[in-house]
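Descriptive analysis of the structure
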Amino acid sequence: HTTIMHNQKRDEYKARLRDDATASKLAQKATQWYALSSELIKRRQESKQQEGQDTRKTLETLKLTDKLLSVNPDPNYLWNHRRELLLELLETKKDLSPKDFIHQEQVLTQAALQRNPKAYGAWFHRKWSIRQYLMTKLHEDNDEDMSKFQNLIKAELTLCSEFLMLDERNFHCWNYRRFIVSTLGLTLSGIHINNSNETQKSEKLNKDQNYTSYTTNIDGAWHFLNNMDDFMSQDIPIIGSQLTSSTLSSVTCNVDDNSTKTIQDLLGKEWEFTSEKIYQNFSNGSAFDYRSKLLPLMLNLSTSTKTRSDYVQEELDLIRNAVFTEPDDQTSWWYFRFILSWANPKTYHQENGSSATEDEIEEFQSVMYEEWTSIQELVEAEDGECKWGLLGLYMIAMSFHEFEEETKTNDTNGYQGENWLELAHSYLDDLKRMDPDRIRRYETLQQKLE
């Protein structure tokens, strides 16, 4: 059995290492690496002991981290040390301008990511650098500089698209893209720094213009979307804690109608981007995950008459295409589980502290029954040997059973005359037969049905 990792056979990789010339070169590189690392550790210890800042030595040490990270971008301690040095230089505002700072960090991290596209430290450092640069621009509160920053962020978005053309499932890049979109959305909302606890309105706002002004902690760029308009609910999930700061207490977001439209367009393009990537490869879990974060925002920011039910039908159509193409791929089944929960009127009404209406429940059950019929056809087409299809049927049966439990409906006379509890048991029996490695899990689920 030959193992292949990163498009390289293991035997071929080991054979290269047994070559004397290759082994000699690697040993020489290891010696150089050890010498540079030792020098870096020595310099850091000396800097902790000395009083005051030696700018010349700090710049020299920064170049040393450049060399090491260009060779190997993986060690996090090197990136941590580099950030310490950069913060020292940025504090003086003399030896390193914000413009030079962001340019050199972009060049370094791009080189690092070309060497290893999945280097955790390099992706984090690039995000940290963007965030640091944004903090500087917010403090300056200059419209021209903020416009340049937006152009920089748009270029980063393009770069993400190029990276994802090379590796469409690179979750590091998908996560970074979320951050970039969050940051771009934040700057488009017309924010400015507010270092007090009171909301400060920007003087440049036209008082005749309709806008929303409020304060938000800068620990999640999507917070600002929550109050964009009266029709928006307060429970929109944050796309991630993408921006953090210990020095800034808050920012003020002034969202006018133009900003709302711009952000709607931005999210619309991201929605289309996930569609494109998913249809290119139904196994793209990162695209499905991003889509699950965008979906609530699309519903609440939509300028059309599309309802939650409309989105549910569209997403189920997408899932149906995926599962009938690759029935054994768990990615689309995971998204199916998410949609099933998101579409359930009990779920979103419970979050809002309200109750689902009978019409909403009836509509949801109708959709579920249609999906149950469709997945049954899929399982039958696979001669019953479709693990994820059976799990999908089990989830639907359990949803019907839970509704019956709440309404005290007799199990033998459930929705459409089906005995959903009995069906749930039968699906778990089939799964125990098909998937014996997880038999204890299925037995536990059955025990909960008793």
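Residues numbered from 1 in each chain as written. Predicted model: local features only at pLDDT ≥ 70, side-chain atom pairs only at ≥ 80, totals over all residues. Heavy atoms only, no water.

Considerations on the nonpolar core
Note on soluble globular proteins: their nonpolar side chains tend to be buried together. Core analysis: the largest hydrophobic core is formed by 102 residues, its most contacted members being F101, I130, L267, F336, I396 and Y427. Examining the composition of this core, we find that 10 residues originate from one element, helix α15 (residues 387–407), more than from any other. (Core = buried A, V, L, I, M, F, W, Y, C linked by side-chain atoms within 4.5 Å. Buried < 20%, exposed > 50% of the residue type's maximum accessible area, 1.4 Å probe, protein only. Helix = DSSP H or I, 4+ residues; strand = E, 2+ residues; numbered from the N terminus.)

Quick word on helix α12 (residues 330–343)
Taking 1.5 Å of rise per residue, 14 residues should cover 20 Å, and α12 covers 20 Å from first to last C-alpha, within 8% of that figure. Along α12, the residues that are buried comprise T331, S332, W333, Y335, F336, I339, L340, W342 and A343. Looking at the buried side of α12, the elements it contacts are α10 (285–301), α11 (308–325), α13 (345–352), α14 (358–381) and α15. (Expected span 1.5 Å × (residues − 1). Contact = heavy atoms within 4.5 Å.)

Some thoughts on the pattern of salt bridges
Scanning the model with the defined rule gives 23 salt bridges in all. For R43, the salt bridge identified is with E60, shortest N-O distance 3.5 Å. Of this pair, R43 sits in helix α2 (residues 20–49) while E60 sits in helix α3 (residues 55–71), and the two are 17 residues apart along the sequence. Taking the shortest distance from any N to any O, the salt bridge between K306 and E314 comes out at 3.0 Å. In this structure, a network of salt bridges that share partners links the residues E39, R43, R56 and E60. (Salt bridge = Lys/Arg side-chain N within 4 Å of Asp/Glu carboxyl O.)

Section: the environment of D329
Considering the arrangement of structural elements, one finds D329 in the loop between α11 and α12. Given a relative accessible area of 14%, D329 falls into the buried group. Along the primary structure D329 and S283 are separated by 46 residues, whereas in three dimensions their C-alpha atoms are 6.7 Å apart. Among all residues touching D329, those that are not within four sequence positions of it are F282 and S283. Within polar-contact distance, the side chain of D329 engages the side chain of T331 at 2.9 Å. (Polar contact = N/O pair within 3.5 Å; in protein donor to acceptor, adjacent residues only side chain to side chain.)

Description of the packing of aromatic side chains
Remark: the centre distance and the inter-plane angle together describe each pair of aromatic rings, the angle taken between the planes. For the structure shown, the criterion picks out 22 aromatic pairs. With a centroid separation of 5.6 Å and 50 degrees between ring planes, the pair formed by W174 and F273 is classed as tilted. Pair noted here: W174 is in helix α8 (residues 171–188) and F273 is in helix α9 (residues 257–280), with a separation of 99 residues, a long-range link. Residue W174 is classed as buried on the basis of its relative accessible area of 3%. (Phe/Tyr/Trp six-rings, centres within 6.5 Å; stacked < 30°, edge-to-face > 60°.)

Details of α11
For the α-helix, the turn length of 3.6 residues means that residues three or four positions removed from each other point alike. If you check α11, its first and last C-alpha atoms are 26 Å apart, about what 18 residues at 1.5 Å a residue would give, namely 26 Å. Every buried residue of α11 is listed here: Y311, V312, E315, L316, L318, I319, A322 and V323. For α11, the angular spread of buried residues about the axis comes to 160 degrees, placing them on one side. (Arc of directions from axis to C-beta.)

Observations regarding a negative patch on the surface
A cluster of acidic side chains, namely D310, E358, D359, E362 and E363, defines a negative patch on the protein surface. Sorting elements by how many residues they give to the negative patch places α14 first, with 4 residues. Within the secondary structure, E363 sits in helix α14. Among the residues examined, E363 registers a relative accessible area of 40% and is labelled partly exposed. (Patch = residues over 30% accessible without salt bridge, like charges linked within 9 Å, V, L, I, M, F, W, Y side chains within 5 Å. Areas by Shrake-Rupley, 256 points an atom, 1.4 Å probe, with all protein chains shown as cover. Lys, Arg positive; Asp, Glu negative; His and termini not counted. Charge placed at Lys NZ, Arg CZ, Asp CG, Glu CD.)

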